[in-house]
Structure formats: structure tokens, C-alpha cells
Number of protein chains: 6
Amino acid sequence: MKRLLITGAAGNLGKILREGLKGYADVLRLSDIAPMDPAGPGEEVVPCDLSDRAAVHELTKDCDGIIHLGGISIEAAFDDLLQANFLGTYNLYEGARKNGKPRILFASSNHAIGFHKRTTKLDDKSELRPDSLYGVTKCYGEALASYYYDKFDVETVSLRIGSCFEKPRDRRMLSTWMSPRDFISLMKAVFDAPMTGHLVMYGVSNNRTKWWSNDHADLIGWQPQDSSDIFREEIEAAFPAEDRHDPAVIYQGGGFAAKGHFED
Amino acid sequence: MKRLLITGAAGNLGKILREGLKGYADVLRLSDIAPMDPAGPGEEVVPCDLSDRAAVHELTKDCDGIIHLGGISIEAAFDDLLQANFLGTYNLYEGARKNGKPRILFASSNHAIGFHKRTTKLDDKSELRPDSLYGVTKCYGEALASYYYDKFDVETVSLRIGSCFEKPRDRRMLSTWMSPRDFISLMKAVFDAPMTGHLVMYGVSNNRTKWWSNDHADLIGWQPQDSSDIFREEIEAAFPAEDRHDPAVIYQGGGFAAKGHFED
Amino acid sequence: MKRLLITGAAGNLGKILREGLKGYADVLRLSDIAPMDPAGPGEEVVPCDLSDRAAVHELTKDCDGIIHLGGISIEAAFDDLLQANFLGTYNLYEGARKNGKPRILFASSNHAIGFHKRTTKLDDKSELRPDSLYGVTKCYGEALASYYYDKFDVETVSLRIGSCFEKPRDRRMLSTWMSPRDFISLMKAVFDAPMTGHLVMYGVSNNRTKWWSNDHADLIGWQPQDSSDIFREEIEAAFPAEDRHDPAVIYQGGGFAAKGHFED
Amino acid sequence: MKRLLITGAAGNLGKILREGLKGYADVLRLSDIAPMDPAGPGEEVVPCDLSDRAAVHELTKDCDGIIHLGGISIEAAFDDLLQANFLGTYNLYEGARKNGKPRILFASSNHAIGFHKRTTKLDDKSELRPDSLYGVTKCYGEALASYYYDKFDVETVSLRIGSCFEKPRDRRMLSTWMSPRDFISLMKAVFDAPMTGHLVMYGVSNNRTKWWSNDHADLIGWQPQDSSDIFREEIEAAFPAEDRHDPAVIYQGGGFAAKGHFED
Amino acid sequence: MKRLLITGAAGNLGKILREGLKGYADVLRLSDIAPMDPAGPGEEVVPCDLSDRAAVHELTKDCDGIIHLGGISIEAAFDDLLQANFLGTYNLYEGARKNGKPRILFASSNHAIGFHKRTTKLDDKSELRPDSLYGVTKCYGEALASYYYDKFDVETVSLRIGSCFEKPRDRRMLSTWMSPRDFISLMKAVFDAPMTGHLVMYGVSNNRTKWWSNDHADLIGWQPQDSSDIFREEIEAAFPAEDRHDPAVIYQGGGFAAKGHFED
Amino acid sequence: MKRLLITGAAGNLGKILREGLKGYADVLRLSDIAPMDPAGPGEEVVPCDLSDRAAVHELTKDCDGIIHLGGISIEAAFDDLLQANFLGTYNLYEGARKNGKPRILFASSNHAIGFHKRTTKLDDKSELRPDSLYGVTKCYGEALASYYYDKFDVETVSLRIGSCFEKPRDRRMLSTWMSPRDFISLMKAVFDAPMTGHLVMYGVSNNRTKWWSNDHADLIGWQPQDSSDIFREEIEAAFPAEDRHDPAVIYQGGGFAAKGHFED
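Residues numbered from 1 in each chain as written. Chains lettered and ligands numbered in written order. Predicted model: local features only at pLDDT ≥ 70, side-chain atom pairs only at ≥ 80, totals over all residues. Heavy atoms only, no water.

## What about the overall build of chain A?
Right, on to step 1. Each helix and strand counted, chain A has nine helices and seven strands in total.
Right, on to step 2. Whereas a compact globule of 264 residues would reach a radius of gyration of roughly 18 Å, chain A reaches 18 Å, a difference of no more than 12%.
Right, on to step 3. For chain A, the spread of C-alpha atoms along the three principal axes comes to 50 × 40 × 35 Å.
Right, on to step 4. Within chain A, buried positions represent 64% of all 264 residues.
Right, on to step 5. If you take every contact in chain A between residues at least 6 apart in sequence, the share linking residues at least 24 apart comes to 67%.
Right, on to step 6. Entry remark: accessible area of chain A is about 9,300 Å², with carbon and sulfur atoms responsible for 49%. (Helix = DSSP H or I, 4+ residues; strand = E, 2+ residues; numbered from the N terminus. Rg over C-alpha atoms; globule rule 2.2 N^0.38 Å. Buried < 20%, exposed > 50% of the residue type's maximum accessible area, 1.4 Å probe, protein only. Contact = heavy atoms within 4.5 Å. Areas by Shrake-Rupley, 256 points an atom, 1.4 Å probe, with all protein chains shown as cover.)

## Things to note about the layout of surface pockets
Right, on to step 1. By volume, the second largest pocket amounts to about 1,700 Å³.
Right, on to step 2. Lining the second largest pocket are 44 residues, with Asp215(B), Asp215(C), Asn206(D), Lys210(D) and Asp215(D) positioned closest to its centre.
Right, on to step 3. For the lining of the second largest pocket, the per-class residue count stands at 15 nonpolar, 16 polar and 13 charged. (1 Å grid on protein atoms, 1.4 Å probe; cavity = no way out; pocket = protein on both sides within 12 Å on 5 of 7 lines; lining within 4 Å. Points joined across faces, edges and corners; volume = space filled by probe spheres on them. Nonpolar A, V, L, I, M, F, W, Y, C, P; charged D, E, K, R; others polar.)

## Regarding empty space enclosed by the protein
Residue and element names in this part refer to chain D.
Right, on to step 1. Applying the stated criterion across every chain, the model contains four cavities of 30 Å³ or more.
Right, on to step 2. The space that makes up the largest cavity amounts to roughly 50 Å³.
Right, on to step 3. Around the largest cavity, the lining residues are His68, Leu69, Gly70, Asn85, Thr89, Phe106, Ala107, Thr137 and Lys138.
Right, on to step 4. Every element with two or more residues in the lining of the largest cavity is listed here: α3 (78-98), β5 (103-109) and α4 (133-152).
Right, on to step 5. Split by residue class, the lining of the largest cavity holds three nonpolar, five polar and one charged.

## Things to note about the sheet that holds strand β7 (residues 198-203) of chain D
All names here are of chain D.
Right, on to step 1. Spatially, seven strands are ordered β3-β2-β1-β4-β5-β6-β7 in an open sheet, and the strand pairing comes out parallel. Each of the sheet's edge strands pairs with one partner strand only, and the pair in question is β3 (43-45) and β7. Averaged over all neighbouring strand pairs, the angle between strand axes comes to 20°, with direction disregarded.
Right, on to step 2. Sheet topology places strand β4 (residues 65-68) next to β5; four bridges connect them, and they run parallel. Within β5, the residue paired with Ile67 across the bridge is Leu105.
Right, on to step 3. On the sheet, α3 packs against β1 (3-7), β4, β5 and β6 (156-161) and is oriented at approximately 165° with respect to β5. (Pairing = 2+ DSSP bridges. Axes fitted to C-alpha atoms, helices over the stretch in contact; angles between N-to-C directions.)

## Considerations on the pairing of β7(D)
All names here are of chain D.
Right, on to step 1. Within β7, five of the six residues are buried, which leaves it mostly tucked inside the rest of the structure.
Right, on to step 2. As defined by bridge partners, β6 adjoins β7 across six bridges and the pair is classed as parallel. From the neighbouring strand, Leu159 faces β7, where its bridge partner is Met201.

## Quick notes on unusual backbone geometry
All names here are of chain B.
Right, on to step 1. In this structure, Asp62 takes a positive phi of about 60° despite not being glycine.
Right, on to step 2. Positioned with a positive phi, Asp153 is a non-glycine residue whose angle comes to about 65°.
Right, on to step 3. Checked against the element boundaries, Asp153 lands in the loop between α4 (133-152) and β6 (156-161).
Right, on to step 4. A relative accessible area of 24% places Asp153 in the partly exposed class.

## Brief notes about the arrangement of the chains
Right, on to step 1. A gap remains between chain B and chain F, which never touch, and the nearest two C-alpha atoms on either side lie 14 Å apart.
Right, on to step 2. Across the gap from chain C to chain F, with no contact made, the nearest C-alpha atoms are 19 Å apart.

## Notes on the interface of chain C and chain B
Right, on to step 1. Each partner contributes to the interface: chain C provides 15 residues, whereas chain B provides 16 residues.
Right, on to step 2. Buried area between chain C and chain B, both sides added, is near 1,300 Å², and the carbon and sulfur share of it is 51%.
Right, on to step 3. For chain C, the biggest contributors to the area lost against chain B are Thr119(C), Arg208(C) and Arg244(C); these three give 49% of the whole.
Right, on to step 4. There are three salt bridges connecting chain C and chain B.
Right, on to step 5. Taking the shortest distance from any N to any O, the salt bridge between Lys121(C) and Asp218(B) comes out at 2.7 Å. (Buried area = accessible area lost by both parts, 1.4 Å probe. Salt bridge = Lys/Arg side-chain N within 4 Å of Asp/Glu carboxyl O.)

## Some details on the relation of the copies chain C and chain B
Both copies of the chain are related by one operation, a rotation about an axis with a shift along it.
Right, on to step 1. For the match of chain C to chain B, the screw axis carries a shift of 0.0 Å, the RMSD comes to 0.0 Å, and the turn is 120°. Expressed as a symmetry operation, the mapping of one chain copy onto the other fits a three-fold axis. For chain C, the minimum C-alpha distance to the rotation axis belongs to Asp215(C) and amounts to 6.1 Å. (Least-squares fit on C-alpha atoms with pLDDT ≥ 70 in both.)

## Digging into the interface of chain A and chain B
Right, on to step 1. Contact with chain A, which involves 36 residues of that partner, is made by 36 residues of chain B.
Right, on to step 2. Counting the surface lost from both chain A and chain B, the interface buries some 2,900 Å², and carbon and sulfur atoms represent 60% of this.
Right, on to step 3. Between chain A and chain B we count six salt bridges in total.
Right, on to step 4. Applying the counting rule to chain A against chain B returns 20 residue pairs in polar contact (both at pLDDT 80 or more). (Polar contact = N/O pair within 3.5 Å; in protein donor to acceptor, adjacent residues only side chain to side chain.)

## A short note on the side chain of Gln252(E)
Residue and element names in this part refer to chain E.
Right, on to step 1. Here Gln252 shows up in the loop between α8 (247-250) and α9 (255-258).
Right, on to step 2. Side-chain polar atoms of Gln252 contact the backbone oxygen of Thr120, separated by 2.8 Å.
Right, on to step 3. One polar contact links Gln252 to Trp212, side chain to side chain, over a distance of 2.8 Å.
Right, on to step 4. Each residue touching Gln252, except ones within four places of it in the same chain, is listed here: Asn110, Ile113, Gly114, His116, Lys117, Arg118, Thr120, Leu122, Arg172, Trp211 and Trp212.

## Here we look at α4(D)
Residue and element names in this part refer to chain D.
Right, on to step 1. Taking 1.5 Å as the rise per residue, α4 with 20 residues should run 28 Å; its terminal C-alpha atoms sit 28 Å apart, in good agreement.
Right, on to step 2. Along α4, 19 of the 20 residues are buried, which leaves the element largely enclosed by surrounding structure.
Right, on to step 3. Looking one or two places after α4, you find Asp153, whose phi comes out positive at around 65°. (Expected span 1.5 Å × (residues − 1).)

## With respect to the UniProt feature "domain: NAD-dependent epimerase/dehydratase" (unreviewed entry) in chain A
Right, on to step 1. Within this numbering scheme, the UniProt entry marks residues 5-165 of chain A as carrying the feature "domain: NAD-dependent epimerase/dehydratase" (unreviewed entry).
Right, on to step 2. With 35% helix and 17% strand, the stretch residues 5-165 of chain A has end C-alpha atoms that lie 21 Å from each other. (UniProt positions renumbered as here; feature names shortened; annotations may be inferred.)

## Some details on the side chain of Asp131(C)
Right, on to step 1. For Asp131(C), the location among the structural elements is in the loop between β5 (103-109) and α4 (133-152).
Right, on to step 2. Within the buried set, Asp131(C) has no salt-bridge partner at all; the shortest N-O distance to an opposite charge, 5.9 Å, is to Lys151(E).
Right, on to step 3. A distance of 2.8 Å separates a polar atom in the side chain of Asp131(C) from a polar atom in the side chain of Ser132(C). (Lys, Arg positive; Asp, Glu negative; His and termini not counted.)

## A short note on the pattern of salt bridges
Any two side chains of opposite charge can pair, so long as their charged atoms come close to each other.
Right, on to step 1. For the structure on display, the rule yields 132 salt bridges over all chains.
Right, on to step 2. In this structure, Arg29(C) and Glu44(C) form a salt bridge, with 2.7 Å as the shortest nitrogen-oxygen distance. A residue pair is termed long-range when its members are at least 10 positions apart, and Arg29(C) in strand β2 (residues 27-31) and Glu44(C) in strand β3 (residues 43-45) qualify at 15 residues.
Right, on to step 3. A salt bridge links Lys61(F) to Glu58(F); the shortest N-O distance between them is 3.0 Å.
Right, on to step 4. Residue classification places Lys61(F) among the partly exposed positions, given a relative accessible area of 30%.
Right, on to step 5. Of the residues examined, Glu58(F) reaches a relative accessible area of 46% and is grouped as partly exposed.

## Things to note about the pairing of strand β4 (residues 65-68) of chain F
All names here are of chain F.
Right, on to step 1. Side chains Gly65 and Ile67 of β4 all project onto a buried face; the interleaved residues Ile66 and His68 project onto the opposite face, where all are buried too.
Right, on to step 2. Across four bridges, strand β1 (residues 3-7) lies against β4 in parallel orientation. Within the sheet, the bridge partner assigned to Thr7 lies in β4 and is His68.

## A few points about the relation of the copies chain A and chain B
Right, on to step 1. Expressed as a screw transformation, the operator carrying chain A onto chain B has a rotation angle of 180° and an axial translation of 0.0 Å, and the superposed copies differ by an RMSD of 0.0 Å. Here the symmetry operator amounts to a two-fold rotation axis. Using C-alpha coordinates, one finds that chain A approaches the rotation axis most closely at Tyr140(A), a distance of 2.6 Å.

## Details of the environment of Leu59(F)
All names here are of chain F.
Right, on to step 1. With respect to the helices and strands, the residue Leu59 is situated in helix α2 (residues 53-59).
Right, on to step 2. Taking the relative accessible area as the measure of exposure, Leu59 reaches 1% and is therefore buried.
Right, on to step 3. Each C-alpha atom, one on Leu59 and one on Asp123, is 34 Å from the other, the two residues being 64 residues apart in sequence.
Right, on to step 4. Beyond its immediate sequence surroundings of up to four residues, Leu59 is in contact with Leu5, Thr7, Arg29, Ser31, Val46 and Cys48.

So this is what it looks like as C-alpha cells:
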């Protein structure tokens, strides 16, 4: 792979991949609206506002693959999501379509299905039940990806990411955690695969507690190596027991499902 | 029912309902961005741009039900869809949430699933496969409706409308046609039902050829009365036989699935 | 058919069948713990307490079919259900097993699945979700019927009866109503069928609103003829609109799902 | 349609269609290995042994559609089936492939699924369970049809025919009967449809007792008009009651499932 | 966890847990109708007849969790099951409901699904097919658990236990065996889980041969560690090969499915 | 096991088993139409043309199990397949039926489902979609096996073999590879199992990339030990990257799906 574009490169996930995918492509093109560290060897740093169509068009030139982490990744005002997530993702797909149709990893989210209960095992065919406006933008992104594959042959893996940090940050993340190492190996599996079409997958490590069946991840040969269980004792000591009548505990989306409207 | 709001009242579907629902509610509040006929008895005419949040907030006051036909109903430039369909539908749901949570009929579309082949029978659980940017806005609307029900208890029937005209306008519509009479009786079924939660249904008459299984329509007691078959001879005489290698024939979305990008 | 036993013959359903099945068998053997009218032509009246095993053994002799309506058919104290429904149904199956294995119609109930919401369409494979202790006894009866067929070749149709009266008695029954005429024709279909194994079916007329898919009823050739819709206007006039936040409206079991523990 | 080929035209089904499809195509090309009546107006009579590849190649020239009823339609010695059904059907598909790829109606049979019990409702996705060597040849034919569509774009409707006679001939046929009129209208629906791909359907009238769900028949707009029920009384009078322990009653394939090996 | 009640504590499973759960709760309250060893540190020994409602009410006071192993765990006379399993389990749920609604582990059994064949892989949605009156009592218990959760918010894990002994005792148990160690870890997973609702799971180790898919066990984070395979050679040497025409080999329930009525 | 027959013993798979099953049965009866090495200890070498019914009848005498690898295992002229695969497999099943009904391992093939895309995960219930005439013969063989079990109680495991070689021979085989060691252990699992009925399974190792879910393989206790991943680097170095628009890459059947008709 010659050039791999990562949008949202200044964020948490972007930094993990900037480090972890070093050497995977000849050039990592890193882009964000926020400040980024200067380009190192094998890197290009291209600041870009995803709502600027012409800029995104330039950004997506000459890429063999795109990891689209950009946009807002928490609950936000709808008008902000409209620019960053609705318009931004459209601009990105249009850029890809016009610039050689590289495969796209779309960072979807567990919040696209966050209103399912924790006692329900989901898979890639489960009903969408977004838990937030943010989650709705991810449903939109998956629909857009489906459309661009069906009509324009732009391939996407829509990855419903759980919680990707160095380690889980609360009890819920014992179930939703994806280790940075697993995230990196997953990115390689996505771009190494000979063919993906539009696949929906869950981004989660091999944790002991789990709500998502990811069996079809072996279609592209991904096998997570890590488990949150090594942090269990520490996390359970640090956080109080969960109350099963708390919506943040009942629903898979946790706090996103529990809280009211962003702007209220 | 005291007051029923119809958005998009100046359009084809809006006119059908303005006429057909006369007397169903004490007041029909009719709204559009386009010119409408002046209010008759039992009518209020309220021009409104759905992308204007404050105006939509006013519009949705004191309603017992909302039929949301507003926004763009054909393939269009994304920037236009962004205002009319993404922002407009959000504004409408916010208005409903803040103004007593009336039940909403959301005019979704067969174009949300238009990339399925005509040889596949679909139901309400079938995978979303939008055939156009317009279709993507309908996937978004259904996701938003799911969210507003799960979190805010705003009920919606997301109706994937086929083709609602006086009679079918081409051979494809022999399968997708919904008669105005069936559309009207469906609206009454939606608002008469004691409870809907968020239901996804197909808006199609009892045609002889059909791609959508609507069995669960009896949850709210809707039984279409009409069939396109009385127009079959006329339509088949007027339009040439369909070519099974034409994408407009292969896919359920017809011409929407067949045509390229709107702006190309 | 020479002799058809009906238990619970003094009850509402029993009376409907006593009248409706006149002449269907050479002899109707009618049994109840409550007083019954004296035997007419082609009838035998055999009082019996279903919790008395020896009596039930006698009762079930020389029958070609059994319609088991007996036991308690409303929510009741567990100790009463223990005798009438748990023990009584066991005694009946033992009687059948030892007396030539006639086919059994087991009067199960919608209350075996009453905690499903009204916005969910069910079929014979749907998860059991009883709404009352009474409903639990019906889940038990269906399991017992499955066992007696698998091990002893005693056939049963477990019929989840909706509401069988001359006409619907409230708004909920517009969906759950089974007309006496349809009930009678169903009984004939059950005993005319060459083979039933253990089938689970719903006992409901062809109402306009419906929560249960009964497609496989044509395995035994039953087609309901009636619809509650002819009573809709009358019922809607007589009963106030339903409140969608009332558990009796949310759940299919209606009042059974809504009320607390019988003995509290 | 200019020319429609019917193989097996001398058989029971062939005669029904020869009469029923008069005028549907400009020319009916009628073929069989057995003697046929001489060609009338709009007919061509072409004797042909389906196991003769060159002859079949000629036979299939210049056709716009093929109804393949030819071959052996009862249980037979394997060596006979090998020629007539295995080789014959292959020759027919090769002829079609090389001669313009007309759509094919393949006369499959309920005996492809005849080892399912009568208490199981089947649809087009149900597991194949042939009840005879004859049934195995039909499974083969459906697989061949699938292959020719996937690789060569030759369309087929594989029709699992029940029992097509003027009227039912025994009690089992009350469930499996397809009226000649329904068979004829089905043929028209198959060839009128704009697109079929490879569809599996059941050929059965709208009987009161039924084991097969044919919901997707409306993909091509077929609605059977007849029911065996008008013959029920007559048939039940003429044939003894069925014994539910008889394999011919237990299994959908009837006598085919019950009898041993053809050559024993 | 302060106090964990174990009913049936004098039995095989009870003894395993009495030993294995030492220290898991501050107090293990051990109950049985049969004699038990005197209480050690961290133990309370409370003899109780489960059919005595008042006694069970006392027994279930002040518990944070209940492991309900009590009742009859083999095929038995119905009248005995009526007291011990039907009435006893009801009494226990009533006690739980009135005493703070602790979570319950209900010891269901593979005999609730024992009439499925060994060549069928089951999961938690598979049809109930009890193989014995004992199995019927377990179907009843699962229905009761469903009811108490839906109406009263009493949570249950219904565990369909295979065969829990130190090692497998015959060839069938090579497939159904659950090691004591896995049973103990499962109990901890059940009571450590933040939320269970009503879950149905299979209690079986990670054996090489297996009939039950337990994928959703990771909803509560249980991963069995043991396999019967280390005993395979020993068991196969000790027991004759299984005869595939023996009902005890055909059906998952083994001998329970094979034997006739208990009292015959 | 006293005598195990292996047909196709001169082929690649046959040689693997001749070596690998040494000692598993008292006698391995090895048969092929092609020359074989002379019989060693515990071996019988019986040349046989599978299309010769009498010879096959002799061949199948006195066997406790049959591994049917014989016939043509690549795409071929239909007339050759007719003899070797259609007639040959029938002869073998007839031989088995008449000679004591030993269990049969039928070497089916991934080419029975080869027209599914690589982005679809299949299991044993997936629709048949053969990719070649060879694949069609395997669909036929599975249907024949189903028939012989349902009617004659001849058990079969139909094994859809991926690619069994010492190591993968191209990039596709990284997904389809079954190691000889896993193949051998699978054969033992098949014949050690107490009961199989007719099971369909996939013959594939525990590769990192995989298209087939084989969960139910634990019904007979098979767990593959090997993975193609140890050869990945070597294979990827030796073969060019796959083109996702190449039918040989799009479809699971690889080259079989991509190539045209054998005889063109």
C-alpha cells in the first residue's frame, strides 16, 4: 500500500493508528481540523475541515485506502454534527468516488445500536437502535457506505467501535474495550483483505464479557488477541458496582443511552 | 383528534391527504415551503421552512399527530438534502418532543431499500440498501425515529411509500403503487391505533405483483383495498416491455437505482 | 367420530361447543365440576373433578377425541391452579394415554405469551412470555402436550385462545376476538385432520387488527370466517380510548399483564 | 412471445398446457418422445429424445421460452432416470444456453421435499428432503438451474408441482392439488414477468389445507384462483380415512415416501 | 455479597457449591429437606420443606442471591413433583418477590429439551421438548422465571444443566458433562453480573463433543475451562459402544427420553 | 472397526487417508479405477469402476464404513460426470444399502456452494449455489445421501471439502485449506460418532480467514488443529495480490466459478 489516509488523526484513535500503522503504508497521510504533530518520515500532515468539499477532494487524492475517524465522536449539538458528520462523511465518500475509489474504513460506533439491552447478544444483522444523535450519524454513515458500494463500487468496512483506550476506563468498558493492538491489527486485516464489499463489524477485543458476536470477522481474518480481563480487578476496585436499574447499565450504549437531549 | 399537522402539504401526497383527511381531525394544519391554497373550513395553512428551527417549533405546537411528508422527495444535491431532509426532519422531531410528543407518520420511501433485487421479497426486518442520496436521507429518518422513540417516547410509523398516484405511471408502479384511497385509510389506521412504538411498514396497495411483505400491517389494522391490476392492460400498452438487464428493472428502486450521481 | 369428550363443558367455551358440535360426533361426553344441563340426545353428562385421577381415568375411556377446556381459566390463587390446572391436566393426559390415545385439543391461552408488546407480531415459534400464574399453567400444559406426543404418541393441538364471546367486550378484544362460529369450525378442523402431531396455534378470528400470525393453520385447513370489525363502532363508542402508557394496553395480555399478584 | 417450447407435451401436464396456452405465443413448439397429436394452427410438433444432445440442440433453437416438463415424472429405475432426467435436463439447459438463453420453467416436484412431515409448513428456503430417486432428480434439476443462472444468465423458475389433474384423486391431493386453470395462469405469470433470476416456487392451488407457503409467488404476480375444497366431500366419500401411522400420510410425499426401492 | 441461599444443599450439586463457594458470600445459607452437615464458619444451615410456604418465606429473608437446586432432580411420580417442583418453586419465587427480590439461579435441566436428537445443535431459542415429567417441571420453572421477571423484576438465570459430577459417568456424559469447577465459576459469573434479566443458558463444560451452543454465555462473562476429553479413553473402555437405534442414544435426554412412564 | 472402504484411494485425498488411517480399522479396503500401490499389511486393494453396479456391489460387502472419495473431482465433461459421479455414487449407495448399511463419508465439495461471495459467511443451512457441473454433482450427492438416510437409514456425513493438500497452493487456499492431519482426525470423528443421521459439514482447518461456520462440527467432536496462517507469508510472496473484480476472487468457488463451460 502506497498511501493510506487517516482522517481525525489528531484524536485518540488517530494517534493510536499514527503510531501503530507506521510502516504499514509507504505514506500515512494524516489529517484533522485540530493541530497535529509535524510529519515524520513516511508521513504527510494535511490539515482539513471535512465540511469543506473542495479541500476534502484534494485530501482524498492518490490514496489506496482511507481510515475515516474524522468528525465528532461524542454527543453534540445537531448543527455541529450536521457539518462534521453528515456533510463531512458525504464529502469524504465523494472524494473517494472521484479519486480512484480506495477502500474505506468507516468508524461507526456501538452507539448505533446502543439502545439494545446488555442482556441481548447482537450481530451484524441486528436492528439499528441508536442511543444519541451521535449514534444516528453513525447509522447514516453506514447507510451511505452501503449506497456507495452498491452504486459506485466503493468498498467499506463499517466498524462499530466499542471503547478503544490503553485500558478500560470504567466497568462498562470491560465489555466494550478494544485494545489499541487489536485495533491496529484490525486495520491491517481490513486493508489486506482481497475484497470486503460493505461489511459491518464490531470493534471489540476478546473480552470475557461481551455483547456482540463478531463471528464473521474471520471473513477478513481478524482475530483479536487481547482481553479486558487483566484490568478487571483494578477497574472493579476503582468503580462502584453497577445499579441494574440505571439506564446506563441497562443499555449497551451506557451513558449515551442514559442522558437526555444534548442541548436541554 | 383535534389538530393534525401535515408537512409537505403542497406536494402530491400532501394534496391527497388534505382532501382525503378532511373531517378526520377538527383541524388540519397544512404546511409547506411552497404556495398552498388558502385555508378552508377545518384547515390552518402555515407556511414554513423546515430548516428554520424556531419556525418548526411554532409549527408543531398543539398538534395531536403529525404526518411528515415535508422535505425533498426526489434525488437531489446533497446540500439541498442536508437542509430539507437532514436538518428539516431533526427540527420536526425536536418540535414534536418539546410540544407534547404527538405521534408522527414519517414518510420514508422504498428508496431506503431500493438496491434489493426485484426477485427478493422484503419485510420490515430486511437490510437497508438505499439506492440514492435521497434514499440515504430516509434511512437517516428511520434511525432518528427509532432514537426519538427509545429515548423520548415519541412514537413513529416509518412508512416506506411505494408510488402514490391516481394510477400507476409505468410498468414498475404496477408493483409499487399505493392508491390514494389506501394511503388515506392507512393514515387513519396509524392515528387510530392505541400504540405504535416505532414501526416500519410498506405503503403499497394489494397489487398482484408485489415485492414487500406487509403482514404486520394488521398490528394497526390496515388492509389495503385496491390493486394496480385494473390498470395493467393500459400500462402495458403504453410502455415498452422491461429489459431484465436494465438496472432500473433489476433493482426495486427502479430509475433511482439505475442513475448515476445527481451532480455528475 | 363416535365419542368426543369436552371438559369444562359448563363454562362459556364449553357451552358454545356443546351447542355448536351437536351432531359432529355420535356422542358428546360433557364433563365439568360445575352443574350442567341434563343430557340431551347424543349427549352424556359426566360430572368430574379433574384433580381426581381415578375419576378422570373413567371419564376418558372410549373417547375418539378430547377437547380439554377444563380447569381454571382466569388468574387465581396458585394452590387452586395447582389442583385444577397442573394436576388436572396431568390426569387428563394420563387418562388419554391409558385409554387409547385420542387426539387432544388443549385450550391454551394468549396469556402464555401475554408479556409481548402489542407492536410485536407473534407466531407459533415466538418465545413464551406468560403474563400471569394462569398463563404459566398454559406454558406448562403446552410442555406436557409436547412430552406426551414425543414419548407416547398422544397428539395435541395447543390452541392459544384469544377471547371467545358472542362479540368483543372491550377495545382489546377487537384484536383478540374469536367468534363462536370460528371456534366451532376450528374444532372440526382439528379432529378432521389426518395428523397433527403437537401443533401450537392461535385461536383468533380474521380481525382487522391482529397480533398473531396463524399462517400454519392451513396445515389442518382452518380458515376463520369472521371479523370483529363489524362490532368496532359499537365497541369504540362504549369504551374510552386506550392509554398507550397503560400496561393493559402495552402488553398483549391486557389486564392480565397489568395487574399485580393475585393474592396481594 | 413468438415461440414457446413445451417438452413432455404428450403427458398429462403437457396436454393441459397445449390446450391452455393456445394463443399465448405465436407458436407453441410441442415435443415429446411419445406420440403427439398432429400440429394444429400455431403449433409445431417436434418429436425428440431428450437424451439426444444434438436433437435437443435443434429443438431449443429460436425459442423465447421453454416449459420443461419432459423426462420421467414418476419413480423409476435409476438407469432410466439417468438418461431421461439427468442427461435430458442437462441437454436442455445446454440447448438453451447456446440458443439465446430463453427463460425456462423447470417442472420440479413436491417429491424434492417429500420427506418433510405434513405437520411442517415449508417455503422456498426449506431443506431439500427428496422422497424417491425421482425426487433426487428434481433436486439435481434445481441445482443445475441455479448454476445456469449464476454462471450463464439463463433464468429459471423451478416449480415444485403438487398434483395437477382435473380434480384431486385421493385425500392427499386435497392439499397438493393445482388446478389446470391455475397451472396455466402460472405459466403466463412466469413468462410475463420482467425478471425471475432463479426462483423456487410451489405449484399448488389455494386449497384449504396446505403445507407450502408460496408468499413470494407475488414476486411474479401469480395468485391461484381455485381450491380443492369443492371436491372435498366427493373425495372423502370415495376414499377411506387416512391412518396417521402410515408413512404415506405422515410425509408430504405420500406414497413416494412410503414405498421402498423401485427395483426391489 | 452478604448472604447467598442455596436450596437443595444436601444434594450432589449442593455439596459442590457448599464447598466451592466458601468465602464467595459472607454467609452461605444452606437449606434442604434432607440432613446436612452442621454449619461451619460463614454458613447457616436451615432445614426447610419447599412445599411449606411459610417456611420458604422465612428461608428467603435477607438474601442477596438464591441458587435454587432444591426439589426432585430425577424422574418421579407426578404427585411428588407437584409438591417439590411445582409448588416448591412457586414458593421460592414468592419468597424472593416479598423479600427484596434477590437474583435467582434456577437449576433447569437438559431434560427440558431432551427430545431433540443428538444430531441437532440447540441454543437458548430452541423449542422446548421435555423428555420426562421431570423435564416438564423444568419448562414450568423457566416459564415461572420469565413471569416473575416481566411482572415483578425478579431476575433469573435458568441454567439447563447437563451432568455435573467429578467426572463423566457414561459415554453420553462426554457430551453433557459440566465440571464442578466450571459450575462454581458459572455461579460467580451469574451473581457478579450487573444485570441478567431472564437468561436461559446451558450448563456444560467445553467438551469436544457438544450439542448446545452457549455463545451468549459471554453476556455474563462465563467461559468454561474444562473438557470431558481427558476422561474419554477411560469412559470408552468402561462402557460398551452406543447403539444408534437406542432411543437413549438418539435423543439428547438419554435414558430419560428412552424410558416409559415412571409409574408403569 | 473391522473394515473401512475408501473409494478414490489412488487420488490425492485417498493417499492421505491410506497413510493416515493405517491401523484405524483392522482392514482398509482401498479401491480406485486408477492403479494403486500393492496392498500392505491391514490393506486390501480392490480395483473397481464405480459405474459398474455389480462390481460396486461386491466392493461394498462386509464394510463397517465407507469413505467415498471416488469419481471425478474436477470440472469435467458432463458425460464423464454422468458415469463417474451420478451413476457411480448411486451404485455406491445401493451397495451400502444392500450390504448392511455402513455409515458413509461422502466427499462433497465447496463447489456445491461456490457461487456465494467471499463476503458471505455460510453454514450448513445456506442455499446451494454450485459453481460448476462438478459442483452440481455434489448437490446431487447430498440429495441422494438425504434420501438414503430418510428412507433406508443409511447414515452419511456430507463433507464440503475445501482444499486438502500438504500446504495451500494459492492465496484462495489460505481460506479453504484443510490440513491432511485435520482431514484424518475428521474421518475418525465421523466413524467414532455414535450417530450422525445425515449431517452436512465443511472440511476446513482453523484458518485465520474463513468463509464457513462449522460450529456444529462439535456434534461429532471434531476440532481442527491446524491453520493455513503458517504458510501465509510464503504464499503471499509467491502469488500476486488478488483483484477484487476477478470472479475467481469474488466467489468462494474461485477458478471454478470464474471459468466458462468446460466444453466450450
